[in-house]
Structure formats: structure tokens, C-alpha cells
Amino acid sequence: MSIAAVLFLPVAAWPYEPAGSIYGEMQGDQFGSAFCTVDFNDDGYQDLVIGAPASDANGTSSGKVYLYLGGPMADTVADLHFVGVASSFFGKALASAGDFNNDGAEDLLVGAPFYDQPANNAGAVYLYYGAAQVDSVVDHIFFGEADSDYFGIAVGSSDFNDDGVADIVVGAYKVDWGVFTDAGRAYVYYGSGSPDFVVDQVLQGEADGERFGFALTGGDFNGDGGDDIAVGAYSYDGANLNAGRIYLFYGGASADPIDDLIIEGPIAGEKYGWSLASGEVTGDDYDDIIMGTDGHVISGFSAGRMYVFDGGPGINSTPHFNYDLGRAAEDLLGFSVAAGVDVTADGIADLIAGMPGNNDRGLAAGGAILFAGGVAVSVDTTIYGDGAQEQAGQAVFLWPDYGSDQIAFGAGGHGYDSYRGRVVLFRGPAAADCCSGRVGDANGEGGDEPTIGDVTVMIDAKFISGTCAGIIPCLTEADVNQSGGTTTSCEDISIGDITILIDYLFITGPTLGLPECL
């Protein structure tokens, strides 16, 4: 069996190809419940990590996590395994820790929110340091504090204190504090070359039962050059029952635990903050907040909706984009979200939202929608689960390094085969570093020589429009002096590149020569 794919948009041809399926080992494992990517073996390629939190590999519901190395030799055979302890649901949450210990390699976080020490369901988070020679030995365990805190229900990273070293953020969505029950908290641990693993900041909301910390993400949302933290509190009531909230905490050298912006759901049951991700998806070079809310109701059904809040100096609570299927059905669109990888190979990062309740291919077969990033975010492709109760889209992912110059995306169906679970991957267009194979071809028109058109798009992007996204189709070619341009950022496209092209075209001429496309 496989996931079937259909197009939402009337494009000429299906641009993606099936790239394999990965199956859980045993019924009940719930393989595919969580994902993240991390360059764990420090080879320059992102690796895919998949959680199976109900696996009995080391005792009942101990949980198991699988790591698949990225790069030219990437495949669907796990290269490394990690296991938790009984009843901990290890692998329920996964995230990159950034380079938390500042040794040059990216590290991995695994949440075990049902861990029973020091109290029942207090929760724990496992930290694994990345290195060229990787292993599955845990390097540190962070613990929750009290009964039913569920510490580790969400994990992430952000350089919150702006010291150049990644910090760890952990959500514990049912912490009781003050007079509040199930109010929730998020804990920030500052990274360093010699981390002390002591809590440096405690973030919290302001209401009883709001479940602050159920979801979180990091990024520079206000465009000041430093990382911030966004935390979801999907059960916040306020004037409307379960309207939900997102709390933003701006980072910096003097970062504090006081929220700087609150984005609140406009109606009852909207559940703002249910799922969160970040990425530069609107093409303006600022990190955006992507939010899913499976609680959005259409005619009494939990249809769900996906939102994008545009980052930058003017960030506010008004969505830049939102999308739902516009029908009365229990699709649960937005149950999960992921973002920040350019699947469509157009120079702008894309996003994906899961809909595990979708019935189009069977009762709760599920599915996911891939959205193309841009000033006008748009639906690109929809994939569906293949059988009843698969619940594809319970979790979703974008993997930038599946094979040589290839990007994969997909969804986890943790309900497949009596909750054995499976993950189905699709491969995107080649993420080619060179559009035409010739340095200087910034506008991608091909041909043997650079033209005034190439110079024009570069001048427009750098000095008129102020953004390369959507202006320069071929960023690597535009980096004529090859100082480090990429397909997703224009920070290395400079006046020097423009000067070389002008010299080539109008002064020295072809005898100047240009570097070859790498």
C-alpha cells in the first residue's frame, strides 16, 4: 500500500515522485508520530529523525527513535537508534538543539513527557551531542519537577540570549503554578562550551488551564537580528472558550521572561497555538510563524486551518495568510505543521500542514497539504493516506538532504496497521545549485553569456526591491565571485558580483573570464 497523490492546482505535470516508505517495527509502536531534521554526524547534510513513542523496545511504551543520515547515500534504512525507559513515551517530541555545547556540531533533543521520575508523568528530555562519530549514548537528561507536568511535550532551540550559542527550550504544558492548574510553562537553558544545565529563564502565560508550552518554535520573528521564542497555549479562554494564544518573547542580550506580543484566537474553539513552526516562507527574509489549529470549526466540524504570521519589524497579530478546505468535515487541517525548506525549488522556503482526520481516501486516512511559499502563499500539492485510520498527517516533515541535491517531504501515519505506523516520502525537484550551469546567469534565461538582464535583476533585488526572493531566480549563479551564495538567501549577493558582470559585459570583455558553476 502507498500514499496516493493528487494535485490541487492545474499544473502540467506531477513534479514529485514517490521516494519510499518507512514502516514501524511492531503494531502499536505509533511510528511516525514526530519528526525533526538535524546534522547529527556533522557532515553538512541534514539527517531525518523519526519517533515511535509507543514502542516497547525497552519496556512497555518506552519509545524508540530512528535516525536516517542525509546526503547522497540517504536511504530508508535507519543508521542509528535511541530508546527510552518504560512508560516514558520517548520520542513523542523531537527537535534540533542547535549547537548547544558549542563544539561545532548540531545536537538532538528527544522528549519523553510521560517519564515517571521524580514524579508520575513529570517528564524528561534527552540531549544527544552530535559529532563526526555518532553514538546513541545520552549526554544529559533534563527532568520535570512535579506530577503530571508532562515536561518534554514540546522541545526546540533558539539563541534567546543572543550570545551566538543555541539555547534549549522545553515545554511542560500542564505545570501548576500560583493559583493556576494546568497553566503550563516553558523552560530555557542557555547553551555554552560548558553548559551548566540549569534553568535560565522560565516562561509562562497568565491564565488557569491554558496549557502554555504545548507547542513552541524559535526564530527571529521581529527582525532585530536576534532569536525569539513563540509558545502556544491552545486552551486559553479569555472572552472565548479555548480561543487559544501564541505568546512571543523577544530575545536579546537582556532577554527576559515577559511576553512582548500576544496573538489570540478570535473565536471560541479556535485553539490558537496548537501546532507551531517557523521559516522564511513569505519571501521577505524574515522568519515567519506558521500555526496550525485543528479546532477551527466549519458548520460544527473540526475542519482545521493553517495560518502564517509575517515576521519582521512590524510583526502583529493579523495573519498574513490562512487556509482551510472550506467544507464541513473533520479534516483537522493544521494538526501538525513544518516549514523552512524550499521543496518547490523556486528560491523561497515552503511549508506543509497535516490533516489526519481527512476522509477522502477512507475514514481518518488523513493526508497533508504542501504550500508553496511566497508573498502570496499558495497550495502546491496534496497527499492522502491510503486506508482507514492511518491518520496520515499526525506529523509532517520537510527533509532538505534526501539524496544528492534532492528534498523530500511527507507525512507520518501513526495509525497505519493497528498503530504500527509508517512514513511515506516524496522527492521534490532537484534543488540544483545552478539553474543553467553558468555563473552570472542570475535571471536563469540560459545562453552562453551573461546579459544586461542578469545585471538588472541583481540591481533590482539588492538596491530597489530590497529582497532577492522572487527577484533573482538563480541565486548561486548571481554569486559571481562565489563568496558563498545559496539557493535560499541573498546575503552573499553583493555589489562585487554586480561589478564583475558589468566589467565582463562593458569594460574588459570576455577575456575577463568567469568562474565555472560549482
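Scroll up a little and you will see the structure.
The structure displayed is predicted, hence computed values, not measured ones.

A. Region of the structure containing the overall build of the protein chain. Counting secondary structure elements, the protein chain contains four helices and 31 strands. Within the span of the protein chain, comprising 518 residues, buried residues form 57% of the whole. Restricting the contact set of the protein chain to residue pairs at least 6 apart, pairs at least 24 apart contribute 56%. As presented, the protein chain carries roughly 18,800 Å² of accessible surface, and 51% of it is formed by carbon and sulfur atoms.

B. Summary view of the side chain of Asn-222. Relative to the helices and strands, Asn-222 resides in the loop between strand S15 (212-219) and strand S16 (228-233). Overall, Asn-222 belongs to the buried group, its relative accessible area being 13%. The contact partners of Asn-222, leaving out residues within four places of it in the chain, are Asp-228, Tyr-250, Gly-312, Pro-313 and Ile-315.

C. A look at unusual backbone geometry. With an omega of 5°, the peptide bond running from Gln-117 to Pro-118 counts as cis. For Pro-118, the position within the fold is in the loop between strand S8 (107-112) and strand S9 (124-128). Here Phe-89, not a glycine, exhibits a phi torsion of approximately 55°, which is positive. As for its placement among the helices and strands, Phe-89 is situated in the loop between strand S6 (80-83) and strand S7 (93-98). Phi is positive for Tyr-419, which is not a glycine, with a value near 65°. Tracing the sequence through the fold places Tyr-419 in helix H1 (residues 416-419).

D. Local environment of the environment of Ser-194. Here Ser-194 shows up in the loop between strand S13 (185-189) and strand S14 (201-204). Separated by 93 residues in sequence, Ser-194 and Asn-101 place their C-alpha atoms 6.4 Å apart.

E. Focus on helix H2 (residues 452-465). Along H2, the sharpest kink reaches roughly 25°, centred on Ile-459. Every buried residue of H2 is listed here: Asp-454, Val-455, Val-457, Met-458 and Ala-461.

F. A look at the sheet that holds strand S19 (residues 275-279). Taken in spatial order, the four strands make up an open sheet running S19-S20-S23-S24, and their pairing is antiparallel. Taken across any chain shown, the strands that pair with only one partner, and hence form the sheet edges, are S19 and strand S24 (321-323). Direction aside, the axes of adjacent strands within the sheet are offset by 15° on average. Pairing geometry for strand S23 (residues 305-309) and S24, over three bridges, is antiparallel. Within the sheet, the bridge partner assigned to Tyr-307 lies in S24 and is Asn-322.

G. Highlighting the sheet that holds strand S18 (residues 261-264). Strand order in the open sheet made by the four strands is S15-S16-S17-S18, with antiparallel pairing throughout. Two strands close off the open sheet at either side, each with one partner strand: S15 and S18. Recorded for the sheet is a direction-independent mean angle of 20° between the axes of neighbouring strands. As paired elements, S16 and strand S17 (residues 245-249) share five bridges and run antiparallel to each other. Bridge pairing in S17 links Ile-229 to Phe-249.

H. Seen up close, the environment of Thr-76. Of note, Thr-76 is situated in the loop between strand S5 (64-68) and S6. In this view, Thr-76 contacts Ala-19, Ser-21, Ile-22, Tyr-68, Tyr-402 and Leu-425; residues no more than four positions away in its chain are not counted.

Basis of the calculations
Residues numbered from 1 in each chain as written. Predicted model: local features only at pLDDT ≥ 70, side-chain atom pairs only at ≥ 80, totals over all residues. Heavy atoms only, no water. Helix = DSSP H or I, 4+ residues; strand = E, 2+ residues; numbered from the N terminus. Buried < 20%, exposed > 50% of the residue type's maximum accessible area, 1.4 Å probe, protein only. Contact = heavy atoms within 4.5 Å. Areas by Shrake-Rupley, 256 points an atom, 1.4 Å probe, with all protein chains shown as cover. Bend = angle between axes of the 7 residues up to and from the residue. Pairing = 2+ DSSP bridges. Axes fitted to C-alpha atoms, helices over the stretch in contact; angles between N-to-C directions.

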